[in-house]
Amino acid sequence: MGEILLEVATDVPFGHGVPAQLGISGDALNVAAAAAAAGARTALLAVLPDDDLGQAVAARIAELGISTDLLKFRPGQQGVYLVHCDPDGQREFSYARSGSVGSTLGPDDVDPAVFAEAGAVIAGGIACAISASSRAAVYRAAEVAGRFVFDPNYRPRLTSVEDATAAVVELAPKAFLVTPSFPGETSALLGTSSPADAAGRLRSLGTANVAVTCGAEGIQLESDRASAWIDAIPAPAVVDQTGAGDAFVGTLTARLVLGDSLPEAVRYGAAAASLVVGGRGGTGFIPSFEQTRAHALGPQTVGERTVETQGLETPEGELSSHA
């Protein structure tokens, strides 16, 4: 669930007359696309404009293998962002999303029956930041979902550190999984100085499982009875880093729902994230699960260091077969 954005991407700095490519992105769509590609039956709750543009966005959502049954169409402005990527994959963003139709998402849009039945429900800090009603919708989803996954996705341009921290504190006790990034989010929102400390802080708040992403280094996992470090998987090519974290969250959650253990699901999430950066835009390249699995198990894998990994395995039957 979240906001869908129109994406205008350039290879050169912003300016009059520069060539650009139009795409459709946003963290919610990127996550959903990754989950669908990883094999999960996936739907997306978002609000689109009730015009031709809204229909074009919906068509792209369907093209990515995502159900459009939960989409809402209302009068309003479609949110847009511009992104410039240099050859090293670094990005510069400019947003036109204030008052967007996507930000009208509200708690009444959350169907308790649908959300309780889902294998997992994923929401992020951006959805909490774009409006009060959208934040209330995320809180409502966390209350009714059978398994709620939260990606803090802290964006200082959208919200204050105080509000973002409040969202984490509110949602962590209700979350099956939280996926903060180190060091930016963990230091700002949790006041911790290491991935292990961040995971411990979230566990103390009541989160069942934590995956702290540490960029090119790897991922720190914490669960009920275990702790594990999963090394990163190097990217074959870096064109655009947009959507890498979203691909990790979507793939990880999908594979957990489909029955993989937490370390296995994290490895697949890391592999998907390192592949999507080879495409341009948030959904420019979404690897199939066959590609992701081959990359996760191939010679590019750095390795795995684990401690007390018993207890990270997903009990048979614990997760239902759809997201």
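What comes next concerns the included structure. (Residues numbered from 1 in each chain as written. Predicted model: local features only at pLDDT ≥ 70, side-chain atom pairs only at ≥ 80, totals over all residues. Heavy atoms only, no water.)

**Topic: the overall build of the chain**
Item 1. Each helix and strand counted, the chain has 11 helices and 13 strands in total.
Item 2. Relative to its full complement of 323 residues, the chain shows a buried share of 54%.
Item 3. In the chain, 71% of the contacts between residues at least 6 apart in sequence involve partners at least 24 apart.
Item 4. Accessible area of the chain: about 13200 Å², with a carbon and sulfur share of 51%. (Helix = DSSP H or I, 4+ residues; strand = E, 2+ residues; numbered from the N terminus. Buried < 20%, exposed > 50% of the residue type's maximum accessible area, 1.4 Å probe, protein only. Contact = heavy atoms within 4.5 Å. Areas by Shrake-Rupley, 256 points an atom, 1.4 Å probe, with all protein chains shown as cover.)

**A look at the pairing of strand β12 (residues 227-231)**
Item 1. For β12, a buried count of four out of five residues is recorded, marking the element as mostly surrounded by other parts of the structure.
Item 2. Pairing analysis gives five bridges linking strand β11 (residues 218-222) to β12, with the strands arranged antiparallel. Paired with Q220 across the strands is W229, a residue of β12. (Pairing = 2+ DSSP bridges.)

**Thoughts on helix α5 (residues 132-144)**
Item 1. When the terminal C-alpha atoms of α5 are compared, their 19 Å separation across 13 residues agrees well with the 18 Å that a helix rising 1.5 Å per residue should span.
Item 2. Among the residues of α5, those classed as buried are S134, R135, A137, V138, A141, A142 and V144. (Expected span 1.5 Å × (residues − 1).)

**Some points on the nonpolar core**
Inside soluble globular proteins, nonpolar side chains tend to come together where they are buried.
Item 1. Judged by nonpolar contacts, the single largest core of 39 residues is most densely connected at M1, V110, F115, V121, V138, F148 and L202.
Item 2. Within the residue set of this core, elements represented by two or more residues are β7 (121-124), α4 (125-129), α5, β8 (148-151), α6 (161-171), α7 (184-190), α8 (195-205) and β10 (209-213).
Item 3. It is α5 that contributes the most residues to this core, five residues altogether.
Item 4. The contacts of L202, once residues within four sequence positions are left out, are V168, A172, V178, P180, L190, T207 and V210.
Item 5. Ranked by size, the runner-up nonpolar core spans 31 residues in total, among them F176, L256, A273 and A296. (Core = buried A, V, L, I, M, F, W, Y, C linked by side-chain atoms within 4.5 Å.)

**What to know about the pattern of salt bridges**
Note on pairing: side chains with opposite charge can pair once their charged atoms come close.
Item 1. Enumeration according to the criterion identifies seven salt bridges in this entry.
Item 2. Of the charged contacts, one joins D260 and R255 as a salt bridge, the two residues approaching to 2.8 Å between their closest N and O atoms. The same class applies to D260 and to R255, which are both buried.
Item 3. Each of E143, E170 and K174 takes part in one network of salt bridges that share partners. (Salt bridge = Lys/Arg side-chain N within 4 Å of Asp/Glu carboxyl O.)

**Quick word on the packing of helix α9 (residues 244-257) against helix α10 (residues 262-276)**
Item 1. Viewed as axis vectors pointing N to C, α9 and α10 meet at an angle of 150°, and their least axial separation amounts to 7 Å. Classified by the angle between their axes, α9 and α10 sit roughly antiparallel to one another. Here α9 runs over α10; the crossing is right-handed. Facing α9, whose interface residues are A244, A247, F248, T251, L252, R255 and L256, α10 presents L262, A265, V266, Y268, G269, A270, A272, A273 and V276.
Item 2. Taken together, the residues of the contact of α9 with α10 break down into 13 nonpolar, two polar and one charged. (Axes fitted to C-alpha atoms, helices over the stretch in contact; angles between N-to-C directions. Parallel < 35°, antiparallel > 145°, perpendicular 65-115°, else oblique. Left-handed = near helix turned anticlockwise from the far one by under 90°. Nonpolar A, V, L, I, M, F, W, Y, C, P; charged D, E, K, R; others polar.)

**Quick notes on the side chain of T251**
Item 1. Within the fold, T251 resides in helix α9.
Item 2. Sequence-distant contacts of T251, defined by excluding residues within four places in its chain, comprise A34, A35, A38, Y268, G269 and A272.

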